[in-house]
Amino acid sequence: MVNGAWQEFGKVFGRGAGRGGLFNECWIFVNDNFISNTLEKGYYQVRIDMSEKGEITFRGIPASGGVCRGRVFVFGTRQLHVPYRDIPEEDVAAELKRLEQALIITRKQLKEMHQSLRERVGSHDADIFEAHLLVLDDPALIGEATKLVKSTMCNVEHAYHEVSEKYAQAFDSMEDEYLRERAVDLRDVSHRLLNNLMGQDDHDHLYALSEPSIVVGHDLTPSTTAMLDRSMVLGFATDVGSKTSHTAILARALKIPAVVGFHDISKRLENDQTVLLDGHSGLVILNPSDQTLFEYGHVIRRHEDKEARLAKLREMPAVTLDGFQVALEANLDQPSESEDVMKFGADGVGLFRSEYLFLNRSHWPEEKIQAEVYAEVASKLAPKPVVIRTLDLGADKLSSLTKSGVESNPALGWRAIRFCLDNEGIFKMQLRAILRASTQGNLRIMFPMITSMSELDRALELLETCKRELAEEGVAFDEHIETGIMIETPSAVMVADDLASKVKFFSIGTNDLIQYGLAVDRTNDRIAHLYEPTAPSIVRSIKQTTKAAHAAGIRVGVCGEMAGEPDLVPLLLGLGVDELSASAPLVPSVKYLIRRLKLSEARELAEQAVTMRYSHEILDASRALVQRVAPEMVVNQG
Ligand code: PEP
Ligand code: MG
């Protein structure tokens, strides 16, 4: 068996964890040839499933809770094979007619997808299909393909493929990232047209999923994830990614079960296989047996019970047993999620990641369009506060709009406030839009990635300029709109006392603070184990920030993913955090915990934590407190 393909025979339960039942059990030794991210070298007790297809478990990083089962759809791997045929002269006209018909069908498909995406995610995110329509109708492309058919007497799919590839390769080799991305659009459109010419289904495209599926791929970018059709994508699993990559954050917000960081699952699964995906524990199980499905029935029911219990807290305040009221808010990635703020009982929006309005677009959204979006969210949630974070494009949230070119260290590169201060026109357009919308509710402005006083001074100066301009134009806005900054760089922590003198609030972006503080790329699955929220340096940075904020008399919140982890919430409150903002579906668990906690206990925990030297000590101490005050939380995890 060691020399054979063990995967075809058994499910590995782990060392010595055999079970009885209808299956044969034995020990196997896994040697170097078979080790992988799911298996270490060594002896394993396995259960051999005597049914035709054995169960295989893959282990990744849990990114978004929920369990789903369905057929696999492997995304982004299919190669296009375009045949070549000589055609007789009398067939040329018919061949060109085929092209005309394929163009009509493709145009119709693109328009339908544009429409359906508009209904789901709003008009701006659907812009990409407008750009695809322009590519499809490009007269140069059609003209050259037609000429090639006539001059070489070849079939039209071959001619069209030759011409479109020639252009795509020219884009591929360009320096400018924006132009390079046009190659992706061009191939996308031409493959669609070629599929129609060859009478093939467009199976390789996520927008064209025809039945609910579990999407498996090497990577899903945040922009692709933002456009996923919830009714067709049951869940997803990727080779790369980590818990705080934006794709994972978005999956939680969209409530799509997801597991990331498998290294190679896209190569190990095939279309139409059946899998069960467990987003709580980070597992994908191929060919789940009846026994596994039965066990998962219990897991699902346990989570449903927990959610039903938590739903009862919706109208209740997030207040500790000794009376400390926490502002518990939700993070928003798309305006459509504002319904969830109410549904999950949040006190407002602590982080509106406005950059999602700028992904998947062919041009910058005008001031008026942005103002409408901000006003809609503000008025829907008024009088609850809504903190709009100004554009944080860059790093893993790339938009072709920034034309930033290839950067060797994008997380340290031209992103967020740096991009905005270099593009004052774009930045001012956003600030003016927020100001315009500010009369419709309780809006606040927050600047991301601040590292120095001079960046903050310049951002505030531009805000004042926008206020002056609007006043001169006679446009109403909230003159006292609050401004704050994200503390997400070690540099900002070190000068937090200076920064605090200029703003009304801080919000600690722990996702980036950990990334920059520990020098661990938050999207790199290989070093995900080094990404430790309870590292002493991070815990002490948080303490230093709250101290500086309170000395200046301003509020301090946390809006990174740490705020949504009940295990870590006592630590944050004990360190002096006043406000928490988490992905909306996580708000009820955090509230449940806060309502069982005493601030005095949390402070004791934090006092010890800042003296500890190891991440695991701090994590264990925080978990021990949670275990004591809300043991059911611990049981219900996973
Ligand atoms: C953070 O860095 O913690 C944060 C909330 O911002 P983002 O995850 O969008 O970088
Ligand atoms: Mg950040």
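Throughout this document, residue positions are counted from 1 along each chain, in the order its sequence is written. Chain A is the first chain written and ligand 1 is the first ligand written, with later ones labelled in order. Whole-chain, interface and lining totals are the exception, using all residues; otherwise, since this is a predicted model, local features are given only for residues with pLDDT of at least 70 and side-chain atom pairs are given and counted only at 80 or more. Note: side-chain values were computed over all heavy atoms of the structure, leaving out hydrogens and water.

Participant: What is the right way to look at the overall build of the protein in this model?
Facilitator: Put simply, DSSP marks the helices as runs of H or I at least four residues long and the strands as runs of E at least two long, and each gets a number from the N terminus on. When its secondary structure is counted, the protein shows 23 helices and 19 strands. Counting every position in the protein, which comprises 638 residues, the buried fraction comes to 55%. In what follows, a contact means two residues having at least one pair of non-hydrogen atoms within 4.5 Å. In the protein, once contacts between residues fewer than 6 apart in sequence are set aside, the share between residues at least 24 apart is 69%. In this description, accessible areas are obtained by the Shrake-Rupley approach with a 1.4 Å probe, and a residue is regarded as covered only by the protein chains that are shown. Of the roughly 27200 Å² of accessible surface on the protein, a fraction of 52% belongs to carbon and sulfur atoms. Note on exposure labels: buried denotes an accessible area under 20% of the residue type's maximum, exposed denotes more than 50%, and partly exposed covers the range between, all computed with a 1.4 Å probe on protein chains only.

Participant: Looking at this structure, I do not really get the pattern of salt bridges. What am I missing?
Facilitator: When charged atoms on two side chains of opposite charge get close, those side chains can pair. For this document, the term salt bridge refers to a Lys or Arg side-chain nitrogen within 4 Å of an Asp or Glu carboxyl oxygen. One pass over the full model with this rule turns up 38 salt bridges. Note that Glu-561 and Arg-252 form a salt bridge whose closest N and O atoms lie 2.6 Å from each other. Note that Glu-561 is positioned in the loop between β18 (555-558) and α19 (569-574) and Arg-252 in helix α7 (residues 246-254), a separation of 309 residues in sequence. Note on accessibility: Glu-561 and Arg-252 belong to one class, buried. The shortest N-O distance in the salt bridge between Arg-458 and Glu-461 comes to 2.6 Å. Of the two residues, Arg-458 and Glu-461 are both situated in helix α14 (residues 453-472); the distance of three residues between them amounts to about one turn of the helix. With a relative accessible area of 44%, Glu-461 lands in the partly exposed category.

Participant: For this particular structure, what's the right way to read the coordination of the magnesium ion (ligand 2)?
Facilitator: Expected angles at a metal are 109.5 degrees for tetrahedral coordination by four donors and either 90 or 180 degrees for octahedral coordination by six donors. For the magnesium ion (ligand 2), the protein coordination sphere consists of Glu-488 (OE) and Asp-512 (OD), at 2.0 to 2.1 Å. Here Glu-488, found in the loop between β16 (482-487) and α15 (490-494), pairs with Asp-512, found in helix α17 (residues 510-518); they are 24 residues apart in sequence, far enough to count as distant. Taken individually, Glu-488 and Asp-512 each receive the classification buried, so the pair is uniform in this respect. The rule for donors is simple: N, O or S, within 2.8 Å of the metal, or within 3.2 Å if the metal is Na, K or Ca. Water isn't counted, so a site may look like it is missing partners.

Participant: What's the story with the packing of helix α21 (residues 599-609) against helix α22 (residues 615-629) in this structure? I'm lost.
Facilitator: Between N-to-C directions, angles span 0 to 180 degrees; the directions come from axes that are lines fitted to C-alpha atoms, helices contributing only their stretch in contact. With their axes 10 Å apart at the nearest point, α21 and α22 run at an angle of 165° to one another. Relative to α22, α21 is oriented roughly antiparallel. Between α21 and α22 lies a crossing of right-handed hand. Every residue of α22 that contacts α21 at Glu-601, Ala-602, Leu-605 and Ala-609 is listed here: Ile-618, Ala-621, Ser-622, Leu-625, Arg-628 and Val-629. Residues are sorted three ways: Asp, Glu, Lys and Arg are charged, Ala, Val, Leu, Ile, Met, Phe, Trp, Tyr, Cys and Pro are nonpolar, and all the rest, Gly among them, are polar. In the contact of α21 with α22, the residues fall into seven nonpolar, one polar and two charged. Oblique is the label for any angle not under 35 degrees, not over 145, and not in the 65 to 115 range, which are roughly parallel, roughly antiparallel and roughly perpendicular in turn. The crossing is said to be left-handed when, going from far helix to near helix, the turn is anticlockwise and less than a right angle, and right-handed when the turn is clockwise.

Participant: How should the sheet that holds strand β17 (residues 505-508) be read in this particular structure?
Facilitator: Two modes of strand pairing occur in sheets, parallel and antiparallel, and in both the strands are linked by backbone hydrogen bonds. Note on pairing: two strands pair once DSSP finds at least 2 bridges between them. The strand order around the closed barrel formed by eight strands is β12-β13-β14-β15-β16-β17-β18-β19, and the pairing between neighbours is parallel. Averaged over all pairs of adjacent strands, the angle between strand axes in this sheet comes to 30°, irrespective of strand direction. When β18 meets strand β19 (residues 579-583), the two strands line up parallel, connected through two bridges. Its bridge partner being in β19, Gly-557 is matched across the sheet by Glu-579. Across the face of the sheet, helix α18 (residues 536-551) comes into contact with β16, β17 and β18 while running at roughly 150° to β18.

Participant: Is there a simple way to think about the packing of α17 against α18 in this case?
Facilitator: The relative placement of two packed helices comes down to the angle between their axes together with the axis-to-axis distance. At a minimum axis distance of 10 Å, the contact between α17 and α18 shows a crossing angle of 125°. Relative to α18, the element α17 lies oblique. Taken as a pair, α17 and α18 cross one another with a handedness that is right-handed. Residues Thr-510, Leu-513, Ile-514, Gly-517 and Leu-518 of α17 form the contact with α18, whose own contacting residues are Ser-537, Ile-538, Ser-541 and Ile-542.

Participant: In this structure, what is going on with unusual backbone geometry? I would like to understand it.
Facilitator: Most peptide bonds take the trans form, and the phi angle of most residues other than glycine is negative. The omega torsion across Ala-382 and Pro-383 is 5°, close enough to zero to call that bond cis. Looking at where Pro-383 falls in the secondary structure, it is placed in the loop between α11 (367-381) and β14 (385-389). Even without being a glycine, Met-449 presents a positive backbone phi close to 60°. Residue Met-449 is classed as buried on the basis of its relative accessible area, which comes to 1%.

Participant: Would you mind going over the site of ligand 1 with me for this structure?
Facilitator: Being near a molecule or strand, for a residue, comes down to having at least one heavy atom within 4 Å of it. By nearness alone, 17 residues border ligand 1, and Arg-353, Arg-389, Gly-509, Asn-511 and Arg-522 come closest of all. In the model, an oxygen atom of ligand 1 is placed 2.9 Å from a nitrogen or oxygen of the Glu-488 side chain. Under the rule applied, a polar contact is a pair of N or O atoms within 3.5 Å (in protein, one hydrogen donor and one hydrogen acceptor; residues adjacent in sequence only if both atoms are side-chain atoms). At a separation of 2.7 Å, an oxygen atom of ligand 1 approaches a polar side-chain atom of Arg-522. Here ligand 1 has 290 Å² of accessible area as a free molecule, and 100% of this is covered by the chains. Here the shell around ligand 1 gets three residues from one element, more than from any other, and that element is α17. Its residues assigned to classes, the shell around ligand 1 shows four nonpolar, five polar and eight charged.

Participant: Sorry if this is basic, but what is going on with the confidence of the model for the protein here?
Facilitator: Per-residue confidence from the predictor is given as pLDDT, running between 0 and 100. Residues of the protein with pLDDT of at least 70 account for 86%, and the chain-wide mean is 87. Here residues 1-23 is a poorly scored stretch, pLDDT under 50, and it has 57 contacts once near neighbours within four places are set aside; other chains count.

Participant: Mind showing me how you'd approach the side chain of Thr-483 here?
Facilitator: Structurally, Thr-483 can be placed in strand β16. Residue classification places Thr-483 among the buried residues on the basis of a relative accessible area of 9%. Contact partners of Thr-483, with chain neighbours within four places excluded, come to Ile-445, Leu-460, Leu-463, Val-503, Lys-504 and Phe-505.

Participant: For this particular structure, what's the right way to read α18?
Facilitator: Since one α-helical turn is 3.6 residues long, residues separated by three or four positions face the same way. In this model α18 runs 22 Å from its N-terminal to its C-terminal C-alpha over 16 residues, within 8% of the 22 Å that 1.5 Å per residue would give. All of the buried residues in α18 are Pro-536, Ile-538, Val-539, Ser-541, Ile-542, Thr-545, Thr-546, Ala-548 and Ala-549. Where α18 ends, the next residue or the one after it, Gly-553, has phi of about 75°, a positive value. Expected span of a helix: the number of residues minus one, times 1.5 Å.

Participant: What exactly am I supposed to notice about the side chain of Ser-213 here?
Facilitator: Residue placement: Ser-213 occurs in strand β7 (residues 213-217). The exposure class assigned to Ser-213 is buried, which follows from its relative accessible area of 0%. Every residue in contact with Ser-213, bar those within four places of it in the chain, is listed here: Arg-71, Phe-73, Met-232, Val-233, Leu-234 and Gly-235.

Participant: Just to check I follow, could you spell out the sheet that holds strand β9 (residues 258-260) for this structure?
Facilitator: Spatially, the eight strands line up as an open sheet ordered β4-β11-β10-β6-β7-β8-β9-β5, and their pairing is mixed. The open sheet has two edge strands with one neighbour each: β4 (56-59) and β5 (61-64). Averaged over all pairs of adjacent strands, the angle between strand axes in this sheet comes to 30°, irrespective of strand direction. Of the strands in this sheet, β6 (67-74), β10 (274-278) and β11 (283-286) touch helix α9 (residues 290-311), which is tilted by about 125° from β6.

Participant: It is not clear to me how the environment of Pro-383 should be interpreted in this structure. Could you clarify?
Facilitator: A relative accessible area of 70% means that Pro-383 is categorised as exposed. Residues Pro-383 and Leu-443, 60 residues apart in the sequence, show an inter-C-alpha distance of 9.3 Å.

Participant: Looking at this structure, I do not really get α9. What am I missing?
Facilitator: For α9, which comprises 22 residues, the first-to-last C-alpha distance of 31 Å matches the rise-based estimate of 32 Å (1.5 Å per residue) to within 8%. By the burial criterion, the buried members of α9 are Thr-292, Tyr-296, Gly-297, Val-299, His-303, Lys-306 and Leu-310.

Participant: Any chance you could explain the pairing of β18 here in plain terms?
Facilitator: Looking down a regular strand, the side chains alternate between one sheet face and the other. Looking at chain direction, β17 and β18 are connected through four bridges and run parallel. Across the sheet, the residue bridging to Phe-505 is Arg-555, located in β18. The definition of a right-handed crossover adopted here requires that, viewed with the strands pointing away, the path from the first strand over the helix to the second runs clockwise. Traced from β18 through α19 to β19, the parallel crossover comes out right-handed.

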